2 protein chains.
Amino acid sequence: MAGEFELISKYFANQKLKRNDVALSQGDDCALLLSPAGSQIAVSTDSLVAGTHFLQSADPKWVGHKALASNISDLAAMGAEPAWVSMAISLPKPDEKWLQQFCEGFFPLADAHNLQLIGGDTTRGPLSITLTVHGFIPQGEALLRSGAREGDKILVSGQLGDSHAGLEVILEPHKRLLAHAATLEARHYCAESRIRLGMMLRGKASSCIDISDGLVSDIQHIMHRSKVGARLALDKLPVSQELIEYCLDKETAQQYALKSGEEYELCFTLPQHLLESVQQQAAELGILLTEVGEIIESDTLQLLRNNQLIEKDVAGFDHFRT
Amino acid sequence: MAGEFELISKYFANQKLKRNDVALSQGDDCALLLSPAGSQIAVSTDSLVAGTHFLQSADPKWVGHKALASNISDLAAMGAEPAWVSMAISLPKPDEKWLQQFCEGFFPLADAHNLQLIGGDTTRGPLSITLTVHGFIPQGEALLRSGAREGDKILVSGQLGDSHAGLEVILEPHKRLLAHAATLEARHYCAESRIRLGMMLRGKASSCIDISDGLVSDIQHIMHRSKVGARLALDKLPVSQELIEYCLDKETAQQYALKSGEEYELCFTLPQHLLESVQQQAAELGILLTEVGEIIESDTLQLLRNNQLIEKDVAGFDHFRT
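Residues numbered from 1 in each chain as written. Chains lettered and ligands numbered in written order. Predicted model: local features only at pLDDT ≥ 70, side-chain atom pairs only at ≥ 80, totals over all residues. Heavy atoms only, no water.

*Asks:* I'd love a proper account of the overall build of chain A, names of residues and values included.
*Replies:* Of the regular secondary structure elements, chain A holds 11 helices and 13 strands. Here the C-alpha atoms of chain A give a radius of gyration of 20 Å, agreeing with the 20 Å that 2.2 N^0.38 yields for 322 residues. With the C-alpha coordinates of chain A rotated into their principal frame, the extents come out at 65 × 55 × 40 Å. Out of the 322 residues belonging to chain A, those deemed buried represent 59%. Intrachain contacts of chain A at a sequence separation of at least 6 include 83% that bridge at least 24 residues. Entry remark: accessible area of chain A is about 12,700 Å², with carbon and sulfur atoms responsible for 49%. When the 28 basic and 42 acidic side-chain charges of chain A are each reduced to a single mean position, those positions are 1 Å apart. (Helix = DSSP H or I, 4+ residues; strand = E, 2+ residues; numbered from the N terminus. Rg over C-alpha atoms; globule rule 2.2 N^0.38 Å. Buried < 20%, exposed > 50% of the residue type's maximum accessible area, 1.4 Å probe, protein only. Contact = heavy atoms within 4.5 Å. Areas by Shrake-Rupley, 256 points an atom, 1.4 Å probe, with all protein chains shown as cover. Lys, Arg positive; Asp, Glu negative; His and termini not counted. Charge placed at Lys NZ, Arg CZ, Asp CG, Glu CD.)

Next up, the structure:
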């Protein structure tokens, strides 16, 4: 058994060393790394477990992409520049075909972000992937969840809701018959990472988070850490044309946008006077930004539609207070 | 589900912040860390999967200890000083009793090494634990596998073989009747970490590895990376009195010592002129060191007993060459 798994480790070890801050990557007891002077290291760990986060039958390429994208997204939310990643992968058997396809999803994304695989562990067991990503941020410039102030505008990147629709398609096979089902399924697995946006927002955004549990849930993390409330305009939530056609109407699509998890878009707050310049810089990066609400003093989460208050305090908020 | 698992995350988040190089540990998208100027960061990732590395029914306290000890051991083998650890834990259900006992094994060991939990992920899935540990080493002082030279002496810390006997007791219940079965089982789970020894060996040992797959296997990693051979004296392998009584004779015990994995003792090479001073410093640390062989020019792994060559080239070595 060990022999087979060693081969697999070598599969991963074949990656070229691309960064000069990696003195040693694989082949010894530890990797040896050097972080740049004046920078903080941002570190995040995430697991993807078959049966919980993806189906055993999911396209391995998508799983490889998603595993890394969900981790990179945490770096983006802090404004960090990706540097190193370690990978623990557990497989029921050493399935080289599965691994090869997994790598086809994983490494192009890693390369695109100049992210070096620095080692890890390959074990026999139920299918799961755990990544620990490391990135750099100039000291004191990290985007935290805790800086939102009354009057700040709430913005999101991209379009929301597709990931939730894609998950529906995966879990409820009859929904494959709905419009754009395959496209939405692919978007569930293949979200983009907003690294360039996060780095651009350093020193500008007053708070930031990546949307992994759903906007309505993640904005509450900002509220909790910043000790503020928020007002979201449901009718302003950006949704794709495909999602509208899948849902049959825009209002339903925006409900999806409110709760859709694993989007990996950024939700951030911005003092009003920075709105225009940030919008312009995002446009130069080719990233859509949409103002979807504002920070309020009260500690409630309010929902508006067409300027009408339709929800005074979204349930669930107190849960995070305790 | 998320709610329950969030509670568990908070269980881990309750740990006090003990290090001033951790600007932010939990509660945001990433931890924020600062590594000391002039130091390299040593990073290692290891998974423990139920059914592969421990029995589902194993004492959670032992699992917590073992998960961390096996990771710390990789830092020890590099001569690194432990600093930070992130943890991904996957559980079939949010079993607080199991977790509490797990923590009773994990945190005392972390605290003993001034190791700060900096975050991680708690997910629903088959029981497994993946840790990524980080430690510091003054630049250029890491103990590698690659520096062993002809004539260097091979030393091991502690006593070997108990872990293998303990594993037998776990997997073959009738062996519970043998002498010291319970003691040896406990030793399988509760190995010590040789951090102080690793740090003491900086600038002295020409190569170093922790014994995780068994001495006969791990010495070959040193041989491979250093491009040398090795001669081990079977009759010199240090074994415990308990193991001798379990095996009924010392010779059998020493066979266990040769192949016993998950020992987490260090195996290292030392130029002869440093032997006396290193032995003395180890004695001051209360650590037994035993000279068990020497590095030879030929690329073979030879075994001696009572100065007689009993094995000219241990099978399996070629495997690592390819």
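*Asks:* Give a description of the relation of the copies chain B and chain A that names residues and reports values.
*Replies:* With an axial shift of 0.0 Å and an RMSD of 0.0 Å, the rotation relating chain B to chain A amounts to 180°. Here the transformation between the copies is reduced to the relation of a two-fold axis. Residue by residue, 100% of the interface of chain B is reproduced at the interface of chain A, so both copies engage with the same surface. (Least-squares fit on C-alpha atoms with pLDDT ≥ 70 in both.)

*Asks:* Go over the interface of chain B and chain A with me, naming the residues and quoting the values.
*Replies:* On the chain A side, the residues contacting the 59 residues of chain B number 59 residues. Between chain B and chain A, roughly 4,300 Å² of surface is buried when both sides are summed, and carbon and sulfur atoms account for 52% of that area. Our count for the contact surface shared by chain B and chain A stands at four salt bridges. In this structure, B:Arg145 engages A:Asp28 in a salt bridge whose closest nitrogen and oxygen atoms are separated by 3.6 Å. Here chain B is connected to chain A by 21 residue pairs in polar contact (both at pLDDT 80 or more). The biggest single contributor to the side of chain B that touches chain A is strand β3 (residues 39-49) of chain B, with 10 residues. Here strand β2 (residues 31-33) of chain A pairs with β3(B) via three bridges, running antiparallel. In the strand pairing of β3(B), A:Ala31 is matched with B:Val43. (Buried area = accessible area lost by both parts, 1.4 Å probe. Salt bridge = Lys/Arg side-chain N within 4 Å of Asp/Glu carboxyl O. Polar contact = N/O pair within 3.5 Å; in protein donor to acceptor, adjacent residues only side chain to side chain. Pairing = 2+ DSSP bridges.)

*Asks:* Which residues make up unusual backbone geometry, and what values go with them?
*Replies:* Backbone geometry at A:Lys227 places phi at a positive 55°, although glycine is not the residue there. Within the fold, A:Lys227 resides in the loop between α7 (215-226) and β9 (229-233).

*Asks:* Just give me the short version of empty space enclosed by the protein, but keep the residues and values in it.
*Replies:* Applying the stated criterion across every chain, the model contains four cavities of 30 Å³ or more. There is about 100 Å³ of room inside the largest cavity. As for the largest cavity, its lining consists of 17 residues, of which A:Ser47, A:Ser128, A:Thr130, B:Ser128 and B:Thr130 are closest to the centre. Residue assignment for the lining of the largest cavity shows that the elements contributing at least two residues are β3 (39-49), β4 (81-91) and β6 (128-138) of chain A together with β3, β4 (81-91) and β6 (128-138) of chain B. The residue inventory of the lining of the largest cavity, partitioned by class, reads seven nonpolar, 10 polar and no charged. (1 Å grid on protein atoms, 1.4 Å probe; cavity = no way out; pocket = protein on both sides within 12 Å on 5 of 7 lines; lining within 4 Å. Points joined across faces, edges and corners; volume = space filled by probe spheres on them. Nonpolar A, V, L, I, M, F, W, Y, C, P; charged D, E, K, R; others polar.)

*Asks:* Please set out α7(A) residue by residue, giving values where relevant.
*Replies:* Residues and elements named next belong to chain A. Taking 1.5 Å as the rise per residue, α7 with 12 residues should run 16 Å; its terminal C-alpha atoms sit 16 Å apart, in good agreement. Of all 12 residues in α7, 10 are buried; the element is thus mostly enclosed. Inspection of α7 places Leu 215, Val 216, Ser 217, Asp 218, Ile 219, Gln 220, His 221, Ile 222, Met 223 and Ser 226 among the buried residues, and these make up the whole buried set. Backbone geometry just after α7 places Lys 227 at a positive phi near 55°. (Expected span 1.5 Å × (residues − 1).)

*Asks:* Now, about the environment of A:Leu270: what can you tell me, with residues and values included?
*Replies:* Residues and elements named next belong to chain A. Note on placement: Leu 270 falls in strand β10 (residues 266-270). For Leu 270, a relative accessible area of 0% gives the class buried. For Leu 270 and Gly 147, which are 123 residues apart along the polypeptide, the C-alpha to C-alpha distance reads 9.7 Å.

*Asks:* If you had to explain the pairing of strand β11 (residues 289-296) of chain A to someone new, which residues and values would you point to?
*Replies:* Where a strand is regular, its side chains alternate between the two sheet faces. Residue and element names in this part refer to chain A. When you tally the buried positions in β11, you get six out of eight residues, the bulk of the element. Sheet topology places strand β7 (residues 153-157) next to β11; five bridges connect them, and they run antiparallel. Within the sheet, the bridge partner assigned to Ser 157 lies in β11 and is Leu 289. Relative to β11, β9 is paired through four bridges, and the arrangement is antiparallel. Bridging across to β11, Gly 229 finds its partner in Ile 296.

*Asks:* Would you mind going over the environment of A:Ser70 in detail, with residue names and values included?
*Replies:* All names here are of chain A. Relative to the assigned elements, Ser 70 resides in helix α2 (residues 60-78). By relative accessible area, Ser 70 is classed as buried at 4%. On a C-alpha basis, the gap between Ser 70 and Ser 57 in space is 19 Å, while along the polypeptide they are 13 residues apart. A distance of 3.0 Å separates a polar side-chain atom of Ser 70 from the backbone oxygen of Ala 67.

*Asks:* Run through the domain arrangement of chain A, naming residues and quoting values.
*Replies:* All names here are of chain A. By the assigned domains, chain A splits into domain 1 (2-138) and domain 2 (153-321). One C-alpha centre belongs to domain 1, the other to domain 2; they are set 27 Å apart. Each partner contributes to the interface: domain 1 provides 23 residues, whereas domain 2 provides 20 residues. Each partner contributes to the roughly 1,800 Å² buried at the junction of domain 1 and domain 2, and carbon and sulfur atoms together form 62% of this total. For the interface between domain 1 and domain 2, the tally reads one salt bridge. At the surface where domain 1 touches domain 2, the tally comes to four residue pairs in polar contact (both at pLDDT 80 or more). At the level of secondary structure, the elements contributing two or more residues to the side of domain 1 that touches domain 2 comprise α2, β4 and β6. Tallied by class, residues from the side of domain 1 that touches domain 2 come to 14 nonpolar, six polar and three charged. (Domains from an automatic or database assignment.)

*Asks:* Account for the sheet that holds strand β1 (residues 22-24) of chain A, with residues named and values stated.
*Replies:* Hydrogen bonds between backbone atoms are what pair the strands of a sheet, whose relative direction is either parallel or antiparallel. Within the open sheet, the six strands sit side by side as β1(A)-β2(A)-β3(B)-β6(B)-β4(B)-β5(B). Their pairing is mixed. Looking at strand neighbours, the two that pair on one side only are β1 of chain A together with β5 (116-124) of chain B, the edges of this open sheet. Averaged over all neighbouring strand pairs, the angle between strand axes comes to 20°, with direction disregarded. Of the strands in this sheet, β4, β5 and β6 of chain B touch helix α3 (residues 96-112) of chain B, which is tilted by about 165° from β4(B). (Axes fitted to C-alpha atoms, helices over the stretch in contact; angles between N-to-C directions.)

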